[in-house]
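Letter by letter, the chains look like this.
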Number of protein chains: 4
Amino acid sequence: LQFVDCGTSGGVWGLAEGYSMMVGGDASVVERLRPIFETLAPAKDRGWGRVGPVGSGHFTKMVHNGIEYGLMQAYAEGFSIMEHKQDFSLDLHQVAEIWRDGSVVRSWLLDLISAAFEKNPKLTGIAPYVADSGEGRWTVAEAIDLDVAAPVIALSLLARLRSRDADSFSDKLLSAMRNQFGGHPIKQE
Amino acid sequence: LQFVDCGTSGGVWGLAEGYSMMVGGDASVVERLRPIFETLAPAKDRGWGRVGPVGSGHFTKMVHNGIEYGLMQAYAEGFSIMEHKQDFSLDLHQVAEIWRDGSVVRSWLLDLISAAFEKNPKLTGIAPYVADSGEGRWTVAEAIDLDVAAPVIALSLLARLRSRDADSFSDKLLSAMRNQFGGHPIKQE
Amino acid sequence: LQFVDCGTSGGVWGLAEGYSMMVGGDASVVERLRPIFETLAPAKDRGWGRVGPVGSGHFTKMVHNGIEYGLMQAYAEGFSIMEHKQDFSLDLHQVAEIWRDGSVVRSWLLDLISAAFEKNPKLTGIAPYVADSGEGRWTVAEAIDLDVAAPVIALSLLARLRSRDADSFSDKLLSAMRNQFGGHPIKQE
Amino acid sequence: LQFVDCGTSGGVWGLAEGYSMMVGGDASVVERLRPIFETLAPAKDRGWGRVGPVGSGHFTKMVHNGIEYGLMQAYAEGFSIMEHKQDFSLDLHQVAEIWRDGSVVRSWLLDLISAAFEKNPKLTGIAPYVADSGEGRWTVAEAIDLDVAAPVIALSLLARLRSRDADSFSDKLLSAMRNQFGGHPIKQE
């Protein structure tokens with residue numbers, strides 16, 4: 001009895017665009033299963049590979065998603081800055097489109113951002129509420145466990161937690177403190 | 001003609017409890033004005049002093065407030081964690097009172113937190129909205145200008161900005177991205 | 001058989017200055033042990049109290065230490081900014097002393113900072129290496145588990161991890177990336 | 001006399017791969033210059049466009065670089081976590097290669113990371129020292145000025161500042177504080 005694990009990434013586009021596979025297991029076992037991976041992969045020799053022993057496939061996938069959180073947050077912040085620069089009335093879809101060719105920040109996520117803005121330029125009707133499905137938390141926990149400072153991945157997760165807290169207790173306490181020491185008025189709910 | 005600058009801290013409690021003064025100016029000039037500072041200070045030889053040349057008084061006061069942002073945010077986060085630990089139904093006023101004597105985190109800000117919880121244990125009616133009056137921004141700008149990494153002071157300021165943005169564009173875009181790549185449902189506004 | 005737990009804070013100064021106690025347990029059990037706590041506490045009715053059921057004493061102590069990390073980091077950043085403002089040649093011990101009376105940031109930690117600067121004004125011979133003893137990690141883990149965004153406590157922990165990594169792999173990779181896309185020179189080790 | 005501004009991105013690869021252009025100016029003026037942009041752009045109708053009035057081209061480019069900082073830091077942290085997971089002895093070049101096809105984090109920066117690891121799998125000889133050329137600072141300043149919380153872009157900049165401070169004063173002070181209150185040993189320089 002032998003084990004292999006395989007993390008995957010590609011989202012709902014996987015069927016159309018292919019999806020990548022990070023395989024963990026003994027080299028000989030992975031080799032024996034090669035035909036399966038070659039069939040499933042975006043190309044025979046692309047988008048899949050053995051990354052280490054059993055367990056390392058899902059570990060790698062977990063870190064992949066931690067990175068994804070950071071990338072998403074970086075784009076989100078940048079577009080938010082541009083959206084708030086009202087003097088310039090920037091066309092965010094246009095900006096995303098321009099960046100898709102030749103820029104340093106071109107990426108598949110940027111392609112999706114452009115598609116999102118094309119469909120809904122002002123993001124009308126979308127609540128500022130961001131779920132998370134676990135991998136970000138696990139990546140942060142693992143980083144701390146390994147004594148690795150990963151501030152951007154950690155803060156990306158925290159930004160999501162914050163997005164779901166419409167009644168932040170810590171912000172209320174800050175307001176109460178400012179009132180206490182400085183007599184600053186408290187905004188009432 | 002000679003100049004002296006003087007930053008001060010103590011808030012609205014200054015009249016009752018005294019307030020500290022950070023003085024900037026030539027030593028001889030500050031010395032000449034000594035009677036003024038000795039009269040205004042909490043005690044003749046306490047709570048005031050020359051910190052450097054003209055301008056350094058307000059600089060020191062600015063950094064004081066940057067630190068204040070960080071201290072406030074640290075307490076606010078800690079009490080928020082305790083408030084969310086609903087299994088324990090912690091009495092936050094009681095916790096603050098205990099910490100006022102003998103603990104490592106005892107401080108004047110903690111005294112004020114305790115007073116705030118005494119008056120309003122659940123912070124009822126207080127909006128999670130935190131103003132800022134400039135010194136935090138200037139401290140962050142100065143830190144970056146000096147190539148000093150000050151993540152906690154910076155994040156304290158950003159937490160305040162975030163508290164005032166009930167309709168975060170970046171969170172909307174994150175939600176739109178998650179929908180794009182993963183088919184994750186968008187929460188509607 | 002009944003259980004009580006008791007977190008404590010006060011550090012090595014506890015013997016001289018007293019130490020605070022956060023007690024968890026059934027009210028009746030804590031009441032029965034009252035003479036013990038009254039004897040150990042800084043004063044009969046100060047610096048100790050029941051905060052909730054069994055386990056809540058150490059939980060409260062854990063969060064106390066998380067807050068402590070944030071407070072320490074806020075002061076450290078502020079003094080670092082002042083130290084780097086070389087135009088002003090600020091006397092950091094003097095600044096700490098002034099703030100001890102009347103300022104908003106006065107605290108016991110500030111008293112210790114002042115004592116540290118009195119003994120060693122330039123912090124000569126002290127390595128920029130900060131240990132951690134666990135409570136910060138647990139506070140961050142608990143905050144995330146409770147969906148509470150605690151960026152300052154998290155960043156305080158990460159700053160300590162970073163302080164112990166003199167050969168940061170992520171910084172090396174950033175340097176390699178900058179070289180790849182921009183031809184920016186790599187600093188050699 | 002009329003003005004047009006044009007930000008560009010693409011790095012040293014621009015000649016081979018094309019570079020994107022973000023143009024600011026009156027629509028009629030940009031239209032008149034269309035042949036120039038069509039000639040310089042990666043394709044006639046790709047990788048360039050008018051984003052708004054004069055000044056908005058460089059503004060957009062500035063934000064582009066702010067995002068770039070965040071993207072780079074997210075990848076750097078993720079690969080650092082994997083590098084530290086020594087149980088798995090992950091082949092980082094292999095991981096980057098796998099992700100280039102089908103994964104959610106595929107991007108041009110990832111292509112460059114893969115190229116960097118191919119050339120130097122352990123990043124041997126590269127100092128953990130990351131320069132910055134200004135746009136990150138300006139993006140952070142602009143975000144704060146617009147009241148936009150951009151924690152990931154801010155932290156990416158701060159990570160670079162931190163990388164260049166081998167003798168962190170704030171870490172020394174933290175160590176001194178821990179010694180003061182807890183008797184924790186100070187690591188000597």
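Residues numbered from 1 in each chain as written. Chains lettered and ligands numbered in written order. Predicted model: local features only at pLDDT ≥ 70, side-chain atom pairs only at ≥ 80, totals over all residues. Heavy atoms only, no water.

### Some points on the interface of chain B and chain D
The test is simple: Contacts were defined at the residue level, with two residues in contact if any of their heavy atoms lie within 4.5 Å. We define buried area as the total accessible area lost by two parts upon association, computed with a 1.4 Å probe and summed across both. By definition here, a salt bridge exists when the distance from a side-chain nitrogen of Lys or Arg to a carboxyl oxygen of Asp or Glu is within 4 Å.
Every contact between the two is made by 18 residues of chain B and, on the other side, 18 residues of chain D. Contact between chain B and chain D buries roughly 1,400 Å² in total, counting both sides, with carbon and sulfur atoms accounting for 75%. Contact with chain D buries area across many residues of chain B, yet Ile144, Asp147 and Leu158 of chain B alone supply 36% of it, more than any other trio. In this structure, the salt-bridge partner of Arg164 of chain B is Asp147 of chain D, at a minimum N-O distance of 3.8 Å.

### Let's talk about the sheet that holds strand β2 (residues 20-25) of chain B
Residue and element names in this part refer to chain B. Rules: By definition, two strands form a pair when at least two bridges between them are found by DSSP. Runs of H or I in DSSP of at least four residues are treated as helices and runs of E of at least two as strands, each being numbered from the N terminus. Axes here mean lines fitted to C-alpha atoms, for a helix over just the part in contact, with angles spanning 0 to 180 degrees between N-to-C directions.
Taking strand neighbours across the sheet as the criterion, the three strands line up as β1-β2-β3 in an open arrangement whose pairing is mixed. The open sheet is flanked by β1 (4-9) and β3 (48-52), the only strands paired with a single partner. Pairwise comparison of adjacent strand axes, ignoring direction, gives a mean angle of 30° for this sheet. Where β2 meets β3, four bridges bridge the pair, whose relative direction is parallel.

### A closer look at helix α8 (residues 151-163) of chain C
Working note: α-helix, 3.6 residues per turn, so residues spaced by three or four point in the same direction. Put simply, the test is: One less than the residue count of a helix, multiplied by 1.5 Å, gives the span that helix is expected to have. Relative accessibility under 20% of the residue-type maximum defines a buried residue, over 50% an exposed one, and the middle range a partly exposed one, all with a 1.4 Å probe and only protein chains included.
The end-to-end C-alpha separation of α8 of chain C is 18 Å, in line with the 18 Å expected for 13 residues at 1.5 Å each. Most of α8 of chain C sits inside the fold, with 13 of its 13 residues counted as buried.

### Re the pattern of salt bridges
All names here are of chain C. Applying the stated criterion to the full structure yields 60 salt bridges over all chains. For the salt bridge of Glu31 with Arg34, the shortest nitrogen-to-oxygen distance reads 2.5 Å. Glu31 gets classed as partly exposed once you look at its relative accessible area, which sits at 44%. A residue is classified by how much of its surface remains accessible, and Arg34, at 31% relative accessible area, is partly exposed. Linking Asp132 and Arg164 is a salt bridge whose minimum nitrogen-to-oxygen distance equals 3.0 Å. Of this pair, Asp132 sits in the loop between α6 (108-119) and α7 (135-145) while Arg164 sits in the loop between α8 and α9 (169-182); the two residues are 32 residues apart in sequence, bridging distant segments of the chain. Accessibility expressed as a relative area gives 23% for Arg164, which makes it partly exposed.

### A few points about the nonpolar core
Rule in force here: Throughout this description, the term nonpolar core refers to a set of buried Ala, Val, Leu, Ile, Met, Phe, Trp, Tyr and Cys residues connected via side-chain atoms within 4.5 Å.
Phe79 of chain A, Phe79 of chain B, Phe79 of chain C together with Phe79 of chain D are the most contacted members of the largest nonpolar core, which has 216 residues in total. Once residues lying within four places of it in the same chain are set aside, the contact partners of Phe79 of chain D are Ile67 of chain A, Phe169 and Leu173 of chain C together with Leu92, Val95, Ala96, Trp99, Leu110, Ile113 and Phe117 of chain D.

### Some details on the relation of the copies chain D and chain A
Each copy of the chain is related to the other by a rotation around an axis and a translation along that axis. For clarity, the cut-off: What sets the superposition is a least-squares fit of C-alpha atoms, and only residues with pLDDT of at least 70 in both copies go into it.
With an axial shift of 0.0 Å and an RMSD of 0.0 Å, the rotation relating chain D to chain A amounts to 180°. Classification of the inter-copy transformation places it as that of a two-fold axis. In terms of proximity to the rotation axis, the leading residue of chain D is Ser107 of chain D, whose C-alpha is 1.9 Å off the axis.

### What about the sheet that holds strand β3 (residues 48-52) of chain D?
Paired through their backbone hydrogen bonds, the strands of a sheet run either parallel or antiparallel. One open sheet holds the three strands; their spatial order is β1-β2-β3 (chain D), and the pairing between them is mixed. Every other strand in the sheet has two partners, leaving β1 (4-9) and β3 of chain D as the edge strands with one partner each. Looking at each pair of strands side by side, their axes are set apart by 30° on average, direction ignored. Running over the sheet, helix α5 (residues 92-99) of chain A touches β2 (20-25) and β3 of chain D and is turned about 150° from β3 of chain D.

### Things to note about a nonpolar patch on the surface
Put simply, the rule reads: Note on patches: the residues involved have over 30% relative accessible area and no salt bridge, like charges join within 9 Å, and the nonpolar side chains Val, Leu, Ile, Met, Phe, Trp and Tyr join within 5 Å. Where accessible areas are quoted, they stem from the Shrake-Rupley method and a 1.4 Å probe; at the residue level, only the protein chains shown are allowed to cover.
Together, Leu1, Phe3 and Val54 of chain A give the surface a local cluster of nonpolar side chains, amounting to about 410 Å² of exposed area. The topology assignment puts Val54 of chain A in the loop between β3 (48-52) and α4 (56-84).

### A word on α9 of chain C
Taking 1.5 Å of rise per residue, the 14 residues of α9 of chain C would be expected to cover 20 Å, and the 20 Å separating its terminal C-alpha atoms lies within 8% of that figure. Burial of α9 of chain C is extensive: twelve of the 14 residues sit out of reach of the surface. Those residues of α9 of chain C lying buried are Phe169, Ser170, Asp171, Lys172, Leu173, Leu174, Ser175, Ala176, Met177, Arg178, Gln180 and Phe181 of chain C. Buried residues in α9 of chain C make contact with α8 of chain C together with α4 (56-84), α5 (92-99), α6 (108-119) and α8 (151-163) of chain D.

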